[in-house]
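# Summary of structural features
Here is how the chains run, residue by residue.
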Protein chains: 2
Amino acid sequence: MKENEFNYEVGNYRTPDGAPTDIVIFTIVTTERSSLKKSLPKRDLQVLLIERKVWPFEGAWALPGGFTLDTETVYDCARRELKEETGVDDVHIEYFNVYSEPGRDPRGWIISHAFLALVNEQLLLKRRASVDAADVQLFPVEEALKMNLAFDHRVILEDALRIIRDKMLTTTIAREFLPEEFTISELYQVIQTVVPEFAEQNFTRKITSTQSRQGIIEEVTDEDGRPKQSNLYSQRAAQLYRFRELAPRLSIYG
Amino acid sequence: MKENEFNYEVGNYRTPDGAPTDIVIFTIVTTERSSLKKSLPKRDLQVLLIERKVWPFEGAWALPGGFTLDTETVYDCARRELKEETGVDDVHIEYFNVYSEPGRDPRGWIISHAFLALVNEQLLLKRRASVDAADVQLFPVEEALKMNLAFDHRVILEDALRIIRDKMLTTTIAREFLPEEFTISELYQVIQTVVPEFAEQNFTRKITSTQSRQGIIEEVTDEDGRPKQSNLYSQRAAQLYRFRELAPRLSIYG
DNA sequence: AGAATAGTGTCTGTCAGACATTATTAT
DNA sequence: ATAATAATGTCTGACAGACACTATTCT
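Residues numbered from 1 in each chain as written. Chains lettered and ligands numbered in written order. Predicted model: local features only at pLDDT ≥ 70, side-chain atom pairs only at ≥ 80, totals over all residues. Heavy atoms only, no water.

Moving on, we come to the overall build of chain A. Across its full length, chain A holds 7 helices and 11 strands. Taking the contacts inside chain A whose residues are at least 6 apart along the sequence as the reference set, 64% of them involve residues at least 24 apart. A total accessible area of about 12,800 Å² is found for chain A, and carbon and sulfur atoms account for 46% of it. (Helix = DSSP H or I, 4+ residues; strand = E, 2+ residues; numbered from the N terminus. Contact = heavy atoms within 4.5 Å. Areas by Shrake-Rupley, 256 points an atom, 1.4 Å probe, with all protein chains shown as cover.)

The structure is reproduced here in structure tokens:
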């Protein structure tokens, strides 16, 4: 390295003390409504938090994360941390913002890169069985927002929430919370769990029968080409659907 | 600072050598079609680049940017750099991604934060008059994409382009390239300049008369409440419009 | 008159929104 | 039968897409 030229541009300014990632891991927790069987379960959007054991914010709950190494991208780091905390890989993980407010971390000048991950409950269960981690826990987002989270993690969580609420309606990320094959009611419920104000009276018809939404989902059929149905959550069996690749182009101009 | 605890968590790992910002500054350059007066001008999406004078990538063109100070956020830094390079402030500037590939900067471990800015041509002109900067220049984006830009700036530019193309159709950022009051044709042209494949036969009617798009723009009237028109670009005078605050909510589900 | 842009008329098929109704099946 | 969810029917007004047409004014 040409040391003098390096110094010329970088100068003798202070350099950051670290470039960590923080990961907002969302999952939807399904709880059967015990009273009656064959009824739709309750769904709850939850976020994974870790109780800090060391200074700073000792004892407070925080988003999982860790410092990026000089041999990896921040994206690699986020995936690595996600794997460490949840045991899962190959899930939707997405970078959404940087947090660089001076003083946000008492340890020094630390610029954090925030990711959000959407993890299917089924995948999380494996990990939760294997590790008895009292210091790693899922919280309903509404509850987490009221807690005194470490660092600026409340702001990060709020930002992440805003983003998945937006994306839930404008992309097909709902698929991340659903099994491969699902019913319309499940899809509707997942959307409503993330975006409570979502209400669409003619949802079934719109998602299945309108031309402009062709290609979002398709009916699942068995080997003989007959419609495949499920009566897991209902008396009357419901048609199963799966997501296709096509997502419609949105535009405000028509 | 508790030095030992700091070391415990941060460890003795290497820390980054800098957290700069790179800014993709877009503008739309308008050139009158000289042949005939009263005709729509040609518009061209251009990006501001700077010729590097020092190692590394000496002589190559690069995105403007600079190192973040420990007293500011990366957002502050981007705004500061934008002001330095263009003389403008108070324009649309937005963070969009982080670039952290090891080795992306020969000077060391440098994680860059990329912003995009949309600057109205009129605002840029002031600056361009005051500074004769042969090393600061606007390039049509198509041309810039073919150049050997410094660092990973080609990738950054491609990402930025993808984002403003998407946002041009889903938000009202077109306003950033337009004067306060504009005609439908101007708006249409700006959209097409950024998204060449955009074509909407009934654009006028959709943007002015459909209920679902109420509130995007409104007619401009003079003090007496009479419609205000402009014949700057046309024989027949055209109604002037301005953007309102409301942007429609988009959803793929209806 | 011709050129250049602005803006409206008209028609068909599809969709949105609101609401009611029927269908299916475990209990 | 009842409960619970799944799915369709029906109606009105609005919109999309396509294309032709009229309007205005500078040259």
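Moving on, there is more to tell.
In this section: the relation of the copies chain B and chain A. For the pair chain B and chain A, the best superposition has an RMSD of 0.0 Å and corresponds to a rotation of 180 degrees with a translation of 0.0 Å parallel to the axis. Here the copies are linked by what is in effect a two-fold axis. When C-alpha distances to the rotation axis are compared across chain B, the minimum falls at proline 16 of chain B, with a value of 3.0 Å. Here 100% of the interface residues in chain B have copies in chain A that are interface residues too; the copies meet face to matching face. (Least-squares fit on C-alpha atoms with pLDDT ≥ 70 in both.)

This next bit is on the protein's contact with DNA strand D. In the region of DNA strand D, 25 residues are neighbours, and Ser185 and Arg236 of chain A together with Lys206, Gln211 and Arg213 of chain B sit closest. Close to the protein, within 4 Å, the atoms of DNA strand D are drawn from sugar and phosphate at a rate of 62%. Lysine 206 of chain B is positioned with one of its side-chain polar atoms (N or O) 2.7 Å from a phosphate oxygen of DNA strand D. Sorting the residues of the surface near DNA strand D by element identifies strand S11 (238-243) of chain A together with helix H7 (203-209) of chain B as the ones contributing at least two each. (Near = heavy atom within 4 Å. Polar contact = N/O pair within 3.5 Å; in protein donor to acceptor, adjacent residues only side chain to side chain.)

We now examine the domain arrangement of chain A. Residues and elements named next belong to chain A. By the assigned domains, chain A splits into domain 1 (20-170) and domain 2 (173-243). The centre of domain 1, based on its C-alpha atoms, is set 27 Å off from the matching centre of domain 2. With 19 residues of domain 1 at the interface, the matching set in domain 2 holds 21 residues. Between domain 1 and domain 2 we count 1 salt bridge in total. When the shortest N-O distance is used, the salt bridge between arginine 43 and glutamate 186 registers 3.7 Å. Linking domain 1 to domain 2 there are 4 residue pairs in polar contact (both at pLDDT 80 or more). When contributions to the side of domain 1 that touches domain 2 are tallied by element, the ones reaching two or more residues are strand S1 (20-31), strand S2 (42-51) and helix H5 (153-170). Residue contributions to the side of domain 1 that touches domain 2 peak at 5 residues, all from H5. When the residues that make up the side of domain 1 that touches domain 2 are grouped by side-chain class, the tally is 10 nonpolar, 4 polar and 5 charged. (Domains from an automatic or database assignment. Salt bridge = Lys/Arg side-chain N within 4 Å of Asp/Glu carboxyl O. Nonpolar A, V, L, I, M, F, W, Y, C, P; charged D, E, K, R; others polar.)

In the structure shown here, the tally under the stated rule is 21 aromatic pairs over all chains. Arranged with centres 5.7 Å apart and planes meeting at 55 degrees, the rings of tyrosine 188 of chain B and phenylalanine 198 of chain B form a pair that is tilted. Taken together, the residues tyrosine 188 of chain B in helix H6 (residues 184-194) and phenylalanine 198 of chain B in the loop between H6 and H7 connect sequence positions 10 residues apart. Look at phenylalanine 198 of chain B and you get buried, because its relative accessible area is 7%. Three or more aromatic residues joined by ring pairs form one cluster here, namely Tyr75, Tyr95 and Phe115 of chain A together with Tyr75, Tyr95 and Phe115 of chain B. (Phe/Tyr/Trp six-rings, centres within 6.5 Å; stacked < 30°, edge-to-face > 60°. Buried < 20%, exposed > 50% of the residue type's maximum accessible area, 1.4 Å probe, protein only.)

Every one of the 25 residues lining DNA strand C counts as a neighbour, but Gln211, Arg213 and Arg236 of chain A together with Ser185 and Arg236 of chain B are closest to it. In the environment of DNA strand C, a base nitrogen lies 2.7 Å from a nitrogen or oxygen atom belonging to the side chain of arginine 236 of chain A. Of all the secondary-structure elements, those providing two or more residues to the surface near DNA strand C are helix H7 (203-209) of chain A together with strand S11 (238-243) of chain B. Partitioned by chemical class, the residues of the surface near DNA strand C number 5 nonpolar, 12 polar and 8 charged.

Moving on: the interface of chain B and chain A. Contacts between the two partners involve 61 residues from chain B and, on the opposite side, 61 residues from chain A. The largest contributions to the chain B side of the interface with chain A come from Trp55, Ile252 and Tyr253 of chain B, which together make up 18% of the buried area. Across the chain B-chain A interface, the total number found is 2 salt bridges. Arginine 14 of chain A serves as the salt-bridge partner of aspartate 70 of chain B, at 2.9 Å between the closest nitrogen and oxygen. Along the contact surface separating chain B from chain A lie 12 residue pairs in polar contact (both at pLDDT 80 or more). Secondary-structure elements contributing two or more residues to the side of chain B that touches chain A are helix H1 (3-10), strand S5 (92-99), helix H5 (153-170), H6 and H7 of chain B. If you tally residues by element for the side of chain B that touches chain A, the top one is H1 of chain B, at 5 residues. Partitioning the side of chain B that touches chain A into residue classes produces 32 nonpolar, 14 polar and 15 charged. (Buried area = accessible area lost by both parts, 1.4 Å probe.)

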